[in-house]
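Residue strings, one per chain:
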Amino acid sequence: MSSENSSADDVRQVWDVVVVGAGPAGASAAYAAAVAGRRVLLLEKAELPRYKTCGGGIIGPSRDALPPGFELPLKDRVHAVTFSNNGRFTRTRRSRQMLFGLINRPEFDQQLVEHAQKAGAELRTGVTVQRVEQHGSAVPDRRTVAVVLQGGEVVLARAVVGADGSASRIGAHVGVKVDQVDLGLEAEIPVPDTVAEDWKGRVLIDWGPMPGSYGWVFPKGDTLTVGVISARGEGAATKRYLEEFIGRLGLAGFEPSISSGHLTRCRAEDSPLSRGRVLVCGDAAGLLEPWTREGISFALRSGRLAGEWAVRIAEAHDAVDTRRQALNYAFAVKAGLGVEMSVGKRMLTVFERRPGLFHAVLTGFRPAWKAFKEITQGSTSLGELIRTHPLAQRALTAMDRRPAAAGEVSAPE
């Protein structure tokens, strides 16, 4: 250990970094801190592997943020996308190069945790964190955070990373604020070989009937992941959309092995990313792409940053240095992921008003399809695209300003 107080820390069992939550964000944070040679404890309330409601798409930025030597447990490689607008005006676009990969979260998350463990992080599962304390009787000094577990056990750390999902207790401690909440519903549907073969290498994206909603079909061998997402508060309509979507696809006769739901929460622009020696990342920080609600790449990237800056906070000897490192973490997140989120919010606003135009452009305008390919493959990002392509910038600005035509819901054929 690099800490000057390592012998005292051993007696009091003070960890350099404690990470709460072993999803992609938490495992990435634990890996980053452990690779730096720090003493890291990764806490997870469930037993691993465990199921998570998630489409499981691994786009280029996700792949690029994985630990060295990580081999993706891909269930399929996507080379084609079928787009439809509420079941109509269907068009399939194809790519010679793989667009993105598809994984099952239990295997993927487990593998990320194993990489963190190999780097030196210690894992404890089946433990629920009640709260964190940075002042009071449980905290021996100003350089220490107390993580209070269910049952009363206290774990001490020099820095804490909250990666405990969208209903985060650590996020509540930090004061995370959200300005967009969506409900995702998903079904894992086992299908016969003949059906699976029809979907192999191809996904479907359907722009839905409610503003900002869409549905997807992601093939994973003998199972199709079918889901929809829309703004919270539209629960009955979202459920109806999923049922109709499955019916339209001819999949209503197959019994889902899992049906689940999940709320995604998108941070407000002024939402904090830290409080004292506690950082938040991934869903716990409300970090995801607002338009597509893609969260894995945001989790992996913010998790890695949180782990790196947690190491610096663990080494900080006073409140001023701690604050400086926490601000540096916030700056790093906002300079990259924050820019992507800002563009994503603009895209969502345009999409909510003009889904038909969106569909027509993406399926009929070659540069738009090229941009979609480059973003999913990881050769550019949404923010970078808008910043470096004047045409894209002008098009988004024009659509921002242009009101939707009355009753517009679909694109021309």
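Reading the values: rules and limits
Residues numbered from 1 in each chain as written. Predicted model: local features only at pLDDT ≥ 70, side-chain atom pairs only at ≥ 80, totals over all residues. Heavy atoms only, no water. Helix = DSSP H or I, 4+ residues; strand = E, 2+ residues; numbered from the N terminus. Buried < 20%, exposed > 50% of the residue type's maximum accessible area, 1.4 Å probe, protein only. UniProt positions renumbered as here; feature names shortened; annotations may be inferred. Expected span 1.5 Å × (residues − 1). Axes fitted to C-alpha atoms, helices over the stretch in contact; angles between N-to-C directions. Left-handed = near helix turned anticlockwise from the far one by under 90°. Contact = heavy atoms within 4.5 Å. Nonpolar A, V, L, I, M, F, W, Y, C, P; charged D, E, K, R; others polar. Pairing = 2+ DSSP bridges. Phe/Tyr/Trp six-rings, centres within 6.5 Å; stacked < 30°, edge-to-face > 60°. Lys NZ or Arg CZ within 6 Å of the ring centre and 35° of its normal. Salt bridge = Lys/Arg side-chain N within 4 Å of Asp/Glu carboxyl O. Polar contact = N/O pair within 3.5 Å; in protein donor to acceptor, adjacent residues only side chain to side chain.

The name given to the protein in an unreviewed UniProt entry is Geranylgeranyl reductase family protein, with the source organism recorded as Streptomyces levis.

## Examining the environment of Val343
With respect to the helices and strands, Val343 occurs in helix H9 (residues 319-353). Owing to a relative accessible area of 8%, Val343 belongs among the buried residues under this scheme. Residues Val343 and Val127 lie 216 residues apart in sequence; the distance between their C-alpha atoms is 38 Å.

## Description of the environment of Ala172
By the secondary structure assignment, Ala172 is in helix H5 (residues 169-174). Note: C-alpha distance between Ala172 and His115 (57 residues apart in sequence) is 29 Å.

## Remarks on the UniProt feature "domain: FAD-binding" (unreviewed entry) in the protein
Summarizing the sequence annotation, UniProt attributes the feature "domain: FAD-binding" (unreviewed entry) to residues 16-297 in the numbering used throughout. Secondary structure content for residues 16-297 is 21% helix and 37% strand, while the C-alpha to C-alpha distance between its ends is 26 Å.

## Here we look at helix H11 (residues 366-377)
For H11, built from 12 residues, the straight-helix expectation of 16 Å at 1.5 Å per residue is met to within 8% by its first-to-last C-alpha distance of 16 Å. Listing the buried residues of H11 in full gives Ala368, Trp369, Ala371, Phe372, Glu374, Thr376 and Gln377. Backbone geometry just after H11 places Gly378 at a positive phi near 95°.

## Describing the packing of helix H2 (residues 24-35) against helix H8 (residues 296-315)
Put simply, H2 and H8 touch, their axes get as near as 7 Å, and they point 35° apart. The element H2 and its partner H8 pack so that their crossing is right-handed. Where H2 abuts H8, its residues Pro24, Ala25, Ser28, Ala29, Ala32 and Ala33 lie against Ala299, Leu300, Gly303, Arg304, Gly307, Glu308 and Val311. Partitioned by chemical class, the residues of the contact of H2 with H8 number eight nonpolar, three polar and two charged.

## A look at the sheet that holds strand E13 (residues 202-207)
Within the open sheet, the seven strands sit side by side as E6-E5-E13-E14-E15-E12-E16. Their pairing is mixed. At either end of the open sheet lies a strand with only one pairing partner, and these are strand E6 (88-94) and strand E16 (258-267). Neighbour-to-neighbour, the strand axes of this sheet turn through a mean angle of 20°, independent of strand direction. Examined bridge by bridge, E13 and strand E14 (residues 214-220) share four bridges and lie antiparallel to one another. Bridging from a neighbouring strand, Trp207 pairs with Tyr214 of E14. This element, H9, spans strand E12 (178-190), E13 and E16 of the sheet and lies at about 110° to E16. Taken strand by strand, H11 contacts strand E5 (80-85), E6 and E13, and its axis lies near 125° from that of E5.

## Concerning the packing of aromatic side chains
Counted by the stated rule, this structure contains 14 aromatic pairs. Centre to centre, the rings of Trp207 and Phe351 are 5.1 Å apart; their planes meet at 65°, and the pair counts as edge-to-face. In this pair, Trp207 sits in strand E13 while Phe351 sits in helix H9, placing the two residues 144 residues apart along the sequence. Each member of the pair Trp207 and Phe351 is classed as buried. Members of the aromatic cluster, connected to one another through ring pairs, are Phe83, Trp207, Tyr214, Trp216, Trp291, Phe351, Phe358, Trp369 and Phe372. Stacked on the ring of Phe298, the Lys or Arg Arg301 has its end atom at 5.1 Å from the ring centre. It is Arg312 that lies over the ring of Trp309; its NZ or CZ is 4.4 Å from the centre.

## A look at the pattern of salt bridges
Tallied over the entire structure, the rule returns 16 salt bridges. For Asp109, the salt bridge goes to Arg50, with nearest N and O atoms at 2.7 Å. One end of the pair, Asp109, is in helix H4 (residues 105-118); the other, Arg50, is in the loop between strand E2 (40-44) and strand E3 (57-58), with 59 residues separating them in the sequence. Both residues of the pair, Asp109 and Arg50, belong to the buried class.

## Description of the pairing of E12
Here E12 lies mainly inside the structure; 10 of its 13 residues are buried. Pairing geometry for E12 and E16, over 10 bridges, is antiparallel. Its bridge partner being in E16, Gln180 is matched across the sheet by Cys266. Pairing geometry for E12 and strand E15 (residues 223-231), over nine bridges, is antiparallel. Following the sheet pairing, Gly184 is matched in E15 by Ile229.

## Overview of the side chain of Thr322
Within the secondary structure, Thr322 sits in helix H9. Thr322 sits in the buried class, given a relative accessible area of 6%. A polar side-chain atom of Thr322 sits 3.4 Å from a polar atom in the side chain of Arg277.

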